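# Coordinate analysis (summary)
The primary structure of each chain is shown beneath.
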Amino acid sequence: MATYTEVSLPLPVLPEGWSAEKDFKALGSLSAATQRSIEPVGPHFLAHARRARHKRTFSEDDR
Amino acid sequence: MSAEEAVTNGSAPAERTTIGISFGNSNSSIAYTTAEDKAEVIANEDGDRQIPSILSYVDGDEYNGQQAKQQLVRNSKNTVAYFRDFLGQDFKSIDPTHCHASAHPQAHDSTVAFTIQDKEGDSPSTVTVGEIATRQFKRLARSASDFLGKKVDSAVVTIPTNFSDAQKAALIASAADAGLEVLQLIPEPIAAILAYDAKLESKVSDKMVVVADLGGTRSDVAVVASRGGMYTILATAHDYEYAGVHLDKVLQDHFAKEFIKWNTTDPRENPRSLAKLKLEAEATKKALSIGTNANFSVESLAEGIDFASTINRLRYETIARKVFDGFNRLIEGVVKKAGLDVLDIDEVILSGGTSHTPKIASNMASIFPPSTTILAPSTTPTAINPSELQARGAALQASLIQEYEKEDIEQSTHPAVTTVKHLTNAVGVLTISSDEEQGVFTPIIAAETPVPARRIVHINAPKEGGDVLVKVVEGGSHIKVSQIPKPPKEANDDEDDSSEEEESDDEPEEHREKIWKVGKPLAEAAVKGVKKGGKVEVTINVAGDLGVTITVREVGEKGGVRGSLPAP
Ligand SMILES: Nc1ncnc2c1ncn2[C@@H]1O[C@H](COP(=O)(O)OP(=O)(O)OP(=O)(O)O)[C@@H](O)[C@H]1O
Ligand SMILES: [Mg+2]
């Protein structure tokens, strides 16, 4: 099962007149990232390596 | 019997008995993982969990650990100590400082060797550091095998983050000659984090961790981004000037001077007296980690005179201040080197034997803000023994990989798998705080998170429910420094900007806080008709190419709104 974090500050109310196809608006892409090395240690790395090898996603992994 | 038939190229995964080993210049430690997945450190036949990495020879008999350490007084020439860092190095590159009072390292082909009387008879042998390490590994493997009742044949071993490829290869070869297949070498600071994270397995989090490994002859510090149980080293620093032996030296000098007051000789001038002085100084230092007073007492310290004295912790902390300041500088320096501020650090793990010292932990508590957890025995009652962290972490890793084929382990540790993109900025949503009109950045995925990554949060909708906006943005943080206003004196009409920083001569009080700044907008999504008191679940999934998938829905409802952003 996937775990989640609680956030207590509330979300804003949808502004008057806001509309988008299927209620979703893409506005941009992530900024460029840095290449770094993760340490091949620990249970979560092993899960990462397994997903990478079998080309599986997180949700496929959850099942 | 069956052990004789052992496969030549390591043992088959199913039959392995694997332990974790921490192998320092000062001490070694061995650990295993119990059937309940708990890492435990194994005591050797003398009952020690910290086994001095020392070998000593008397009439052809080999002594190890604490017994060998005692031989530094009478038999220093045939006692080999502080050798781990010499592995895989040539004589020109090593620092032999710590071997003054034991067998001296010497050049030997492309490696380092010791000339010792390790057999009966009178011709000494030249033993390479690789062979010495093999003997040490044999002793450790034997102690572990005796304890486990099974022959130990493989290990995960911890190494400093600055070990060269040659040092790694030499260590692996030495272990192999001792009958130990090294399944993996893991960095010492990562082993320490793993030992702690195993305790909280249920709640993995995103945190910035500093691991300060303060040992006997060296101090090593690493800043590690710990993201959902994955570890990325952002910066490291190493220091050989301020470590455990330098604290011993402070006490040595203190008591030597006291001895000189009443007697005529300086006990530091006679090798045997100096060796006694050193051993007792270390014992006194350790006692000061627990008590506020400690004894120092040596029989026949010099000229056949017994010496006894005491010292209290405050006095010790005063005379050792230079060394403590050295630790502080090292740790503050590496945080800067990582491009971070102390306010960015969530956790400081104090590791290594010297980290038992209460003053070091209290210094950390004053360098770092109250929001930083300092994991040390004197500040956190649930802290793990700092001397055991590395061996425990190694044992946990050993239990994770011992059933894997060697090939699979090598494949998983290959740079093709371990080198991945890490987010430059945090990704989060805008929320509303009570006192502001504007949105507040609430991070969901932290900067320096490796991808692929997924994080899920549950966020309150406005009390009344209704239609809500989820605005996903990048966020950056900076440190805001505000001066706590002083009573106004004369007005200053000098408006030169550049002189601003030089004005803090009388150091006004500063208040420093971490402020989030809303960055690039990424997406907007609407969740409509949220119930009164309802919550919204936001899932952000970043793929290996930085493509993003966002899903938002009311908690407890099916479906929801889903959209994606292309890779940059
Ligand atoms: N309770 C204690 N209080 C203070 N210092 C201690 C305590 N226990 C051990 N030490 C010190 O810790 C040092 C050894 O640390 P550790 O076992 O982590 O070393 P190591 O990693 O093998 O050493 P090195 O840095 O030489 O490679 C010694 O200086 C020892 O005196
Ligand atoms: Mg160490």
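Residues numbered from 1 in each chain as written. Chains lettered and ligands numbered in written order. Predicted model: local features only at pLDDT ≥ 70, side-chain atom pairs only at ≥ 80, totals over all residues. Heavy atoms only, no water.

Counting its secondary structure elements, chain A contains 2 helices and 3 strands. Relative to the globule expectation of 11 Å for 63 residues, the C-alpha radius of gyration of chain A, 18 Å, shows a markedly less compact shape. By principal-axis analysis of the C-alpha atoms, chain A measures approximately 50 × 30 × 25 Å. With 63 residues in all, chain A has 37% of them scored as buried. In the form shown here, chain A has an accessible surface area of approximately 4,000 Å², with 51% of it arising from carbon and sulfur atoms. (Helix = DSSP H or I, 4+ residues; strand = E, 2+ residues; numbered from the N terminus. Rg over C-alpha atoms; globule rule 2.2 N^0.38 Å. Buried < 20%, exposed > 50% of the residue type's maximum accessible area, 1.4 Å probe, protein only. Areas by Shrake-Rupley, 256 points an atom, 1.4 Å probe, with all protein chains shown as cover.)

Here the focus is the pattern of salt bridges. All names here are of chain B. Applying the stated criterion across every chain, the model contains 35 salt bridges over all chains. The partner of E40 in a salt bridge is K38, with the nearest N and O atoms 4.0 Å apart. Take E40: its relative accessible area is 31%, and that puts it in the partly exposed class. Where K286 meets E282, a salt bridge forms, and the shortest distance between an N and an O atom there is 3.8 Å. Separated by 4 residues within a single helix, K286 and E282 lie in helix α6 (residues 271-290), roughly one turn from each other. Accessibility expressed as a relative area gives 16% for E282, which makes it buried. (Salt bridge = Lys/Arg side-chain N within 4 Å of Asp/Glu carboxyl O.)

Residue and element names in this part refer to chain B. Around ligand 1, 19 residues are found, and the nearest of them are N27, T217, E282, K285 and S289. In the model, a nitrogen atom of ligand 1 is placed 2.6 Å from a nitrogen or oxygen of the S289 side chain. Contact distances for ligand 1 include 2.9 Å between an oxygen atom and a backbone N or O atom of G353. The element contributing the most residues to the shell around ligand 1 is α6, with 4 residues. A per-class count over the shell around ligand 1 returns no nonpolar, 14 polar and 5 charged. (Near = heavy atom within 4 Å. Polar contact = N/O pair within 3.5 Å; in protein donor to acceptor, adjacent residues only side chain to side chain. Nonpolar A, V, L, I, M, F, W, Y, C, P; charged D, E, K, R; others polar.)

All names here are of chain B. Within the secondary structure, R139 sits in helix α2 (residues 129-148). Overall, the relative accessible area of 12% leaves R139 in the buried class. Other than its neighbours up to four places away in sequence, R139 contacts E45, L55, E62, Y63 and N64. (Contact = heavy atoms within 4.5 Å.)

Residue and element names in this part refer to chain B. Running from amino to carboxyl end, helix α5 (residues 244-262) crosses α6 at an angle of 110 degrees, the nearest separation of the two axes being 8 Å. Between α5 and α6, the angle falls in the class roughly perpendicular. For α5 against α6, the interelement crossing comes out right-handed. Within the contact between the two elements, α5 uses G244, L247, D248, L251, Q252, F255 and A256 and α6 uses L274, L277, K278, A281, E282, T284 and K285. Across the contact of α5 with α6, the residue classes break down as 7 nonpolar, 3 polar and 4 charged. (Axes fitted to C-alpha atoms, helices over the stretch in contact; angles between N-to-C directions. Parallel < 35°, antiparallel > 145°, perpendicular 65-115°, else oblique. Left-handed = near helix turned anticlockwise from the far one by under 90°.)

A few words on the domain arrangement of chain B. Residue and element names in this part refer to chain B. Per the domain assignment, the segments of chain B are domain 1 (3-188 + 390-416), domain 2 (203-241 + 325-385), domain 3 (244-321) and domain 4 (426-565). Taking the mean C-alpha position of each, domain 1 and domain 2 sit 26 Å from one another. Of the residues lining the interface, 13 residues belong to domain 1; the matching set on domain 2 comes to 10 residues. For the domain 1 and domain 2 pair, buried surface summed over both sides reaches about 880 Å², with 47% attributable to carbon and sulfur atoms. A salt bridge links R218 to D85; the nearest nitrogen and oxygen atoms lie 3.0 Å apart. Tallied by class, the residues present in the side of domain 1 that touches domain 2 amount to 3 nonpolar, 6 polar and 4 charged. (Domains from an automatic or database assignment. Buried area = accessible area lost by both parts, 1.4 Å probe.)

With that out of the way, let us pick up the sheet that holds strand β2 (residues 24-26) of chain A. Hydrogen bonding along the main chain pairs the strands of a sheet, whether they run parallel or antiparallel. Pairing in this open sheet of 5 strands is antiparallel, and the strands run β2(A)-β25(B)-β24(B)-β21(B)-β22(B) from one edge to the other. Of all strands in the sheet, those bounded by a partner on one side alone are β2 of chain A together with β22 (439-445) of chain B. Each neighbouring strand pair of the sheet contributes to a mean axis angle of 40 degrees, computed without reference to strand direction. Examined bridge by bridge, strand β21 (residues 426-432) of chain B and β22 of chain B share 6 bridges and lie antiparallel to one another. For V427 of chain B, the partnering residue across the bridge sits in β22 of chain B and is I445 of chain B. (Pairing = 2+ DSSP bridges.)

What follows concerns the packing of aromatic side chains. All names here are of chain B. A complete count under the given rule lists 10 aromatic pairs over all chains for this structure. Geometrically, the ring pair formed by F23 and F137 is edge-to-face, given 5.1 Å between the ring centres and 70 degrees between the ring planes. Within this pair, whereas F23 is found in strand β1 (residues 18-23), its partner F137 is found in helix α2, the two being separated by 114 residues in sequence. Comparing F23 with F137 shows no difference in burial state: the two are buried. Following the ring pairs from residue to residue traces out a cluster consisting of F255, F259, F296 and F307. (Phe/Tyr/Trp six-rings, centres within 6.5 Å; stacked < 30°, edge-to-face > 60°.)

With 76 residues of chain B at the interface, the matching set in chain A holds 46 residues. A buried area of about 5,800 Å², summed over both sides, lies between chain B and chain A, and 61% of it is on carbon and sulfur atoms. If you look at where chain B meets chain A, you find 5 salt bridges. Across the pair E524 of chain B and K25 of chain A runs a salt bridge whose closest N-O atoms are separated by 3.8 Å. On inspection of chain B and its partner chain A, the count reaches 28 residue pairs in polar contact (both at pLDDT 80 or more). Here the side of chain B that touches chain A takes 8 residues from strand β25 (residues 510-530) of chain B, the largest share from any one element.

Before going further, it helps to examine unusual backbone geometry. Residues and elements named next belong to chain B. In the segment running from V451 into P452, the intervening peptide bond is cis, with an omega of 5 degrees. In this structure, P452 sits in the loop between β22 and β23 (453-460). The backbone of D59 shows a phi angle near 50 degrees, a positive value even though the residue is not glycine. Relative to the helices and strands, D59 is located in the loop between β5 (55-58) and β6 (61-64). Unusually for a residue other than glycine, S300 sits at a positive phi of about 45 degrees. Position of S300 among the secondary structure elements: in strand β16 (residues 293-302). In this structure S300 comes out as partly exposed when scored by relative accessible area, which is 30%.

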